[in-house]
Amino acid sequence: MKTDRLVSIIMMLLDKERIGAQELADRFEVSPRTIYRDIETINMAGIPVRSTPGVGGGFEIMQEYKVDKNVFSAADLSAILMGLSSLSGMVRGNELVNALAKVKRFIPADRAKEIELKANQIYIDLSPWMGNRNIQPYLERVKTALQESRLLSFEYADRFGNKTVRTVEPYQIVLKGSHWYFQGYCRKREDFRLFRLSRISNLQMTRETFSPRDYQKPVLDFGDILKTMQTTIKLRVQKSAMDRLLDYCTCEQAVPDGEEHYIVNFPFIENEYYYDILISFGDQCECLEPQRVRAEMKRRIQNMAALYEGRS
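Please read these numbers as outputs of a predicted model, since none were measured by experiment.

Student: Which parts of the structure should I look at to understand the packing of aromatic side chains?
Tutor: We describe a pair of aromatic rings using the distance from one ring centre to the other and the angle between the two ring planes. The tally for this structure, following the rule as stated, stands at twelve aromatic pairs. Judged by centre distance (5.3 Å) and plane angle (75°), the ring pair of Tyr36 and Phe59 falls under edge-to-face. Residue Tyr36 is located in helix α3 (residues 32-44), and its partner Phe59 is located in strand β2 (residues 58-61); the two are separated by 23 residues in the primary sequence. Here Phe59 falls in the buried class, since its relative accessible area comes to 3%.

Student: Could you clarify how one ought to interpret helix α11 (residues 291-307) in this entry?
Tutor: Three or four residues apart is the spacing at which side chains of an α-helix point the same way, because the helix has 3.6 residues per turn. Given a rise of 1.5 Å per residue, 17 residues ought to cover 24 Å, and the 25 Å separating the end C-alpha atoms of α11 matches this to within 8%. Buried residues of α11: Val293, Glu296, Met297 and Arg300, and no others. Angularly, the buried residues of α11 cover 100° about the axis, an arc narrow enough to put them on a single face. Along α11, exposed side chains directed more than 90 degrees from the buried face belong to Gln291 and Lys298. Of the surrounding elements, those touching the buried residues of α11 are β8 (231-238), β10 (261-268), α10 (272-280) and β11 (285-289).

Student: In this structure, what is going on with the pattern of salt bridges? I would like to understand it.
Tutor: Where charged atoms from two side chains of opposite charge approach closely, those side chains can pair. All told, the structure shown has 14 salt bridges when counted by the stated rule. When the shortest N-O distance is used, the salt bridge between Asp191 and Arg193 registers 3.3 Å. On the basis of relative accessible area, Asp191 is assigned to the partly exposed category, the value being 31%. Classification of Arg193 as partly exposed rests on a relative accessible area of 31%.

Student: I'm lost on the sheet that holds β11 in this one. Help?
Tutor: Two pairing modes exist for strands in a sheet, parallel and antiparallel, and in both the strands are linked by backbone hydrogen bonds. If you walk across this open sheet you meet the four strands as β9-β10-β8-β11, and the pairing is antiparallel. Sheet topology places β9 (254-257) and β11 at the edges, where each strand pairs with a single neighbour. Sheet twist, expressed as the mean angle between neighbouring strand axes with direction ignored, is 30°. Two elements, β8 and β11, share four bridges in a ladder whose sense is antiparallel. What sits directly across from Leu235, in β11, is Cys287. Sheet strands touched by α11: β8, β10 and β11. Its angle to β11, the strand with the most contacts, is close to 145°.

Student: Explain the sheet that holds strand β4 (residues 163-176) to me, please; I cannot follow it from the model alone.
Tutor: Strand order across the open sheet formed by five strands is β6-β5-β4-β3-β7, with antiparallel pairing between neighbours. Across the chains shown, the open sheet's two edge strands, defined by having one partner strand only, are β6 (191-196) and β7 (200-209). This sheet shows a mean twist of 45° between the axes of neighbouring strands, independent of strand direction. Bridge count between strand β5 (residues 179-186) and β6: six bridges; the pairing is antiparallel. The residue bridging Gly184 from the neighbouring strand is Arg193, located in β6. Contacting β3 (150-157), β4, β5 and β7, helix α7 (residues 135-148) crosses the sheet at an angle of about 20° to β7.

Student: Explanation requested: the environment of Leu151 in the structure shown.
Tutor: Counting through the fold element by element, Leu151 comes out in strand β3. In this structure Leu151 comes out as buried when scored by relative accessible area, which is 1%. What Leu151 contacts, discounting residues up to four positions off in sequence, is Thr167, Val168, Glu169, Arg187, Gln204, Met205, Thr206, Glu208 and Phe210.

Student: Please explain the environment of His179 as it appears in this structure.
Tutor: Looking at the element boundaries, His179 is found in strand β5. Sequence separation of His179 and Leu197 is 18 residues, and the distance between their C-alpha atoms is 7.9 Å. Residues in contact with His179, not counting those within four places in the same chain, are Val174 and Arg196. Reaching out from His179, the side chain makes a polar contact with the side chain of Arg196 at a distance of 3.2 Å.

Conventions and cut-offs
- Residues numbered from 1 in each chain as written.
- Predicted model: local features only at pLDDT ≥ 70, side-chain atom pairs only at ≥ 80, totals over all residues.
- Heavy atoms only, no water.
- Phe/Tyr/Trp six-rings, centres within 6.5 Å; stacked < 30°, edge-to-face > 60°.
- Helix = DSSP H or I, 4+ residues; strand = E, 2+ residues; numbered from the N terminus.
- Buried < 20%, exposed > 50% of the residue type's maximum accessible area, 1.4 Å probe, protein only.
- Expected span 1.5 Å × (residues − 1).
- Arc of directions from axis to C-beta.
- Contact = heavy atoms within 4.5 Å.
- Salt bridge = Lys/Arg side-chain N within 4 Å of Asp/Glu carboxyl O.
- Pairing = 2+ DSSP bridges.
- Axes fitted to C-alpha atoms, helices over the stretch in contact; angles between N-to-C directions.
- Polar contact = N/O pair within 3.5 Å; in protein donor to acceptor, adjacent residues only side chain to side chain.

Listed below in structure tokens is the structure:
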């Protein structure tokens with residue numbers, strides 16, 4: 001693409017003192033005439049490129065417009081590299097690879113080891129340990145549809161497992177709470193919706209394009225709302241289960257109860273999601289109070305046990 005070539009030429013001019021037209025033409029597999037037109041476009045964009053004729057001549061950005069590589073600190077470059085490397089492991093594409101290569105051009109040789117060390121001090125792996133292996137290919141498909149304004153079609157399962165066929169205009173990819181979503185305009189519901197990728201099946205990118213409409217960003221922060229809905233319940237939890245329980249509360253909310261248990265003041269909302277959390281701990285967690293939550297847990301456990309009665 002011409003835009004990619006122009007950006008790459010600018011980066012090369014920033015990186016080198018002077019480059020010949022034929023060298024650039026060979027690099028990008030175009031004619032020298034095309035390179036001259038590209039240089040003219042770069043000049044019109046406000047970046048002054050000077051041409052020097054003759055042996056040893058070529059193009060160079062006027063020295064006073066040069067970008068000082070030291071404008072980025074080691075911490076700046078490390079943070080950029082860490083973010084791009086983490087994202088490229090899950091959302092693949094030439095643009096991320098190119099971006100990494102361009103950022104690395106700004107690393108002075110005498111600081112390369114220092115910056116590499118800092119960039120590796122934090123490692124973010126967004127791929128799941130196990131589970132739905134469609135997530136990564138679906139992410140790439142949604143990303144392509146975003147870039148090309150193409151409609152997506154798929155089957156979507158609600159929290160009860162009921163499936164509906166959707167046709168959606170994609171607008172944004174979202175990573176929230178270790179789960180991937182995309183925000184789009186659902187033509188079935190005639191409104192914007194947030195779709196969780198793990199609930200999607202048979203995702204297809206159609207040939208039909210769409211004209212982007214005014215975009216409504218999804219509401220992702222429910223902290224204040226949840227605080228008004230939450231209550232505190234008291235749990236007795238085995239030590240072996242505390243590692244998982246701390247995904248939902250803090251150490252300050254737990255006090256030892258003998259050598260093998262903790263008493264935990266647990267933030268709780270009386271809905272299916274939170275009851276499922278408690279049940280997932282099995283016999284390692286007991287709700288002590290309030291009585292209504294304890295009684296509801298007992299009812300759910302009895303219903304679960306009834307599923308296994310009368311079968312050999």
